[in-house]
Amino acid sequence: MAEAAFSLSALRRRGSSALARRGSSAAPSWLVLPLVAVALLAALPLAYVAWQAAAVGWAGSAALLFRPFTAALLASTLELAAAVTLGSVLVGTAAAWLVERSDLPGRSVWRVLVPLPLAMPALVSAFAWLSLTPRVEGMAGAVLVLVLAEYPLVYLPVAAALRGMDPALEDVARSVGHGPWRIFGRTVLPQLVPALSGGVLLVTLHMLVEFGPLALLRVETFTTAIYEAYELSYDGAAAAMLSAVLIALCLCVMAAELLLRGRRRFSRAASGAIAAHAPARLGHATLPAFAGLAALLGLALGLPVAMLAYWLLLARRAALPLDRILSAVGDSVQLAALGAVLTTAVGLSLVLAAFRRRGRMAVLAERLPFVVHALPGLVVALALVYFCLRVAPVLYQTTALLLVAYALLFLPLAQTALRPAVEQVPPAMEEVALALGRAPWRVLLTVTLPNILPGLSAATLLVFMQLMKELTATLVLAPTGVRTLAMELWAQSSQMKYGTAAPYAALLVLVSGAPAYWATVELQKRRGRR
Amino acid sequence: MMLSRSRRAVAGGGLLLASLLGAAPGRAAEAGTLTIYNSQDEGPVEALAAAFEKKTGIKVAFRDNGAPALARQIVDEGDHTPADIFYAEYSTALVTLADKNLLAPLPGDVTAAIPAQFNGAKHDWVGVTARSFVLLFNRKLIAEDKLPASIMDLAKPEWAGKFAYNPRAAAFLEMVVAVEKQKGTEAAKAWLTGLKANGKAFPKNTAMVLAVDRGEVELAVNADNYWLAVAKERGADTLDARVHYIGNKDPGALLTVSGLAIPKFAPHRAEAERFAAYAVSEEGQKVLAEAAGDVPLRPGVVSPTALKPFASLDPSPVSAAEIGDAASALDLERAVGIN
């Protein structure tokens, strides 16, 4: 029964979508409100940067933009982004191929283990490495630490694509005499492009806006320099000018990704059963491959966990400030939970509006958050401070304003998780309820929401985990006296007090990392199944 | 059945949200709480606040950030500022606010407790503690008598690759102003150019202590309190990094002043004045001295951790008032390309 309903909805989506979407407004008209709010708020950071530039004038802006320091930052930011992206692509793709396509022993165990470093926030692993050896300071060390943290973002989509690929194409290539490398290069790799480009976009954007781990590892990029300028200069212009360059960079990356993905299409005409892939025999390469994966996990997960354990055992001798630790857990959980609920609610209204009442405004509002997602948290936070003090000073330094920043920064995450769930609810169900005379808000509450509950909870969880780790916006916007786990870890580890920092780091992994791993893998599975 | 369970889940979620909202963090909202915008190391200021709370019953809440960030925040906040006290690690932040007429005058007995050269010219901010710029050196790599006699020498080629400095620290900007005042702007620019060529730029002061200690560099331009903090955590005897006071009125022997002020629009002026008075009182200064590597500025209160008596430091004669907001130093650094 349920299956019939789903395939019906699939049919509708593919076929007469115009008919299905035209008048069926289970999405009440007040859904336009969040659309307008999001569009306005998302424009704020851009307006803020323009405003600051205007305040120092053209000459002042140009002097700040075209100083030698900016060029040095540009070089190091690009170097970092390129190296980490390339490293993640190589490591992630190789690991995915080994796990999905080779006869490596214990593949079912590797399948669980390889994406596990998702549970280790980069701020924590940077702290752990740094507390082991100062040699990780600098570009090479940062690339190492960040590749180990980011490769699962390439691994997951590539592994899913390798699983879903039709082996017939490779069989054809084999039958005309292509060797294994050539098959990978000419047949498999082109089919991986969509999965890879998604991963590449994610990793590159992460690197452009990453802050905490880079500041700890002493690598200067635009984000750390913006923070430094914010911490050093008595006017906001220097930080704003650097932000402008960073925003331009992020937009370039997103545009490049759109171009890259837009041109290629890889789909199977028939969605019939996929024949199983015959695993490639590794032969003599088995041992090195096995050792390589083991080393990867040892460095990405084993080492940080061991360092945390070391510092915790050491710290047991001293008195742990339990009150302070508990209050940080409380603050973190409260803020992240509230933020996750708000973000998911707004995200849901955007997704519903986009699906049920199309139109330019809806499309724009649905996409705008993705642009803001490319902005560093600090810029968004500074923009909110600036406008809040001028428009609504009552909200200044309240939880409410921080939650707005959270929503702005993490809406895309909620939207991505919610879209498949909403897609699967047949509009016919809502139409029937409407036709039977239920008010639109009751239809939303009694028909739509219960049906998307799994997607809704996955989205909330996902946002919650990200918010637990959020640092830069929280530093600027948190109400006076609030100290989250991430803030404490940042404060203690930047003063090199490793023992004091360790409990916060460990809790951050437990409360945010472990469920983040679970949620991401679940989401990936669900996407794989569709 | 299925549906009603989901509905219960929705309702449960709503309840949870409502309870979370009710308990939303917002401690400073408590009536009568003194809000301190603090850019000084937490330890000493929190010790001071705890002692103050115990003595007066007035509760204290902190907002921590860098001095310039907090100063800019007070400017942006204008008459909405929730800050009752601005406790600044660097005098430049206090001068910036004083120049914009955003500080309230302090009671005469507060400023009188501290020698005038450490206070604001208009009696609107008061110095509380000071640190001294020093040369940190690794005792295994270089003998103390081989160290450069002046901070100016670091621009010479013989020191290339041997030292660390933190050009984007607010304190370093103060030293750049001191070099400007004592040697002239051109000399300061040449000096910075030399530092850029010779030195390793570090973004963190504590990291420099550790870099000297493990021998990554022989020397570092740093303030003494960072060494004291590391020594406190690891034991002074275990450190190969040592402290050398340059003295001789060299710009490299500059004292940087941390102080406090009451913003003009502070909501709790009376309580803030009590806090200011406590911070410069003998009792308050002793609390600070116990908890910090910074030296108390009230005459007669002696720091138990000081490596050298305050009176014998022979520091740079450039005062906090002369350093001002150090904007010229930022311009110089940008011209040279280290900022």
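Since the structure is predicted, the reported quantities are computational estimates derived from the model, not experimental observations.

**Here we look at the overall build of chain A**
- Across its full length, chain A carries 23 helices and zero strands.
- Summarising the internal contacts of chain A: among those between residues at least 6 apart in sequence, 84% fall at separations of at least 24.

**Comments concerning the nonpolar core**
- Ala405 of chain A together with Leu136 of chain B are the most contacted members of the largest nonpolar core, which has 281 residues in total.
- Counting residues per element, this core draws most heavily on helix α17 (residues 399-423) of chain A, which supplies 17 residues.
- Each residue touching leucine 136 of chain B, except ones within four places of it in the same chain, is listed here: Met208, Val209, Val212, Leu219, Ala220, Asn222, Trp227, Ala241 and Val243 of chain B.

**Details of the environment of leucine 467 of chain A**
Residues and elements named next belong to chain A.
- Relative to the assigned elements, leucine 467 resides in helix α20 (residues 453-469).
- For the pair leucine 467 and histidine 206, spaced 261 residues apart in sequence, the C-alpha to C-alpha distance is 15 Å.
- In this structure, leucine 467 is in contact with Leu335, Ala336, Gly339, Ala340, Tyr406 and Phe410, ignoring residues within four places of it in sequence.

**Section: the UniProt feature "binding site: Fe cation" (unreviewed entry) in chain B**
Residue and element names in this part refer to chain B.
- UniProt's feature table lists "binding site: Fe cation" (unreviewed entry) at Glu89 and Tyr226, given in the numbering used throughout. Taking the farthest pair of C-alpha atoms as the criterion, the annotated set spanning 138 residues converges on one region, since that pair is 13.1 Å apart.
- Setting aside its immediate chain neighbours within four residues, glutamate 89 contacts Ser39, Gln40, Ala67 and Ser258.
- Examined against the element boundaries, tyrosine 226 turns out to sit in helix α9 (residues 224-234).
- Other than its neighbours up to four places away in sequence, tyrosine 226 contacts Asn205, Thr206 and Val209.

**Here we look at the interface of chain B and chain A**
- Facing 42 residues of chain B, the contacting portion of chain A comprises 37 residues.
- Elements with a contribution of two residues or more to the side of chain B that touches chain A: α1 (2-22), β2 (60-64), α3 (67-77), α8 (205-213) and α13 (327-336) of chain B.
- Of the residues forming the side of chain B that touches chain A, the biggest block, eight residues, is contributed by α1 of chain B.
- Split by residue class, the side of chain B that touches chain A holds 21 nonpolar, nine polar and 12 charged.

Here is what the cut-offs are and how they apply
Residues numbered from 1 in each chain as written. Chains lettered and ligands numbered in written order. Predicted model: local features only at pLDDT ≥ 70, side-chain atom pairs only at ≥ 80, totals over all residues. Helix = DSSP H or I, 4+ residues; strand = E, 2+ residues; numbered from the N terminus. Contact = placed C-beta atoms within 7 Å. Core = buried A, V, L, I, M, F, W, Y, C linked by C-beta atoms within 7 Å. Buried ≥ 20, exposed ≤ 12 C-beta atoms within 10 Å, placed from the backbone. UniProt positions renumbered as here; feature names shortened; annotations may be inferred. Nonpolar A, V, L, I, M, F, W, Y, C, P; charged D, E, K, R; others polar.

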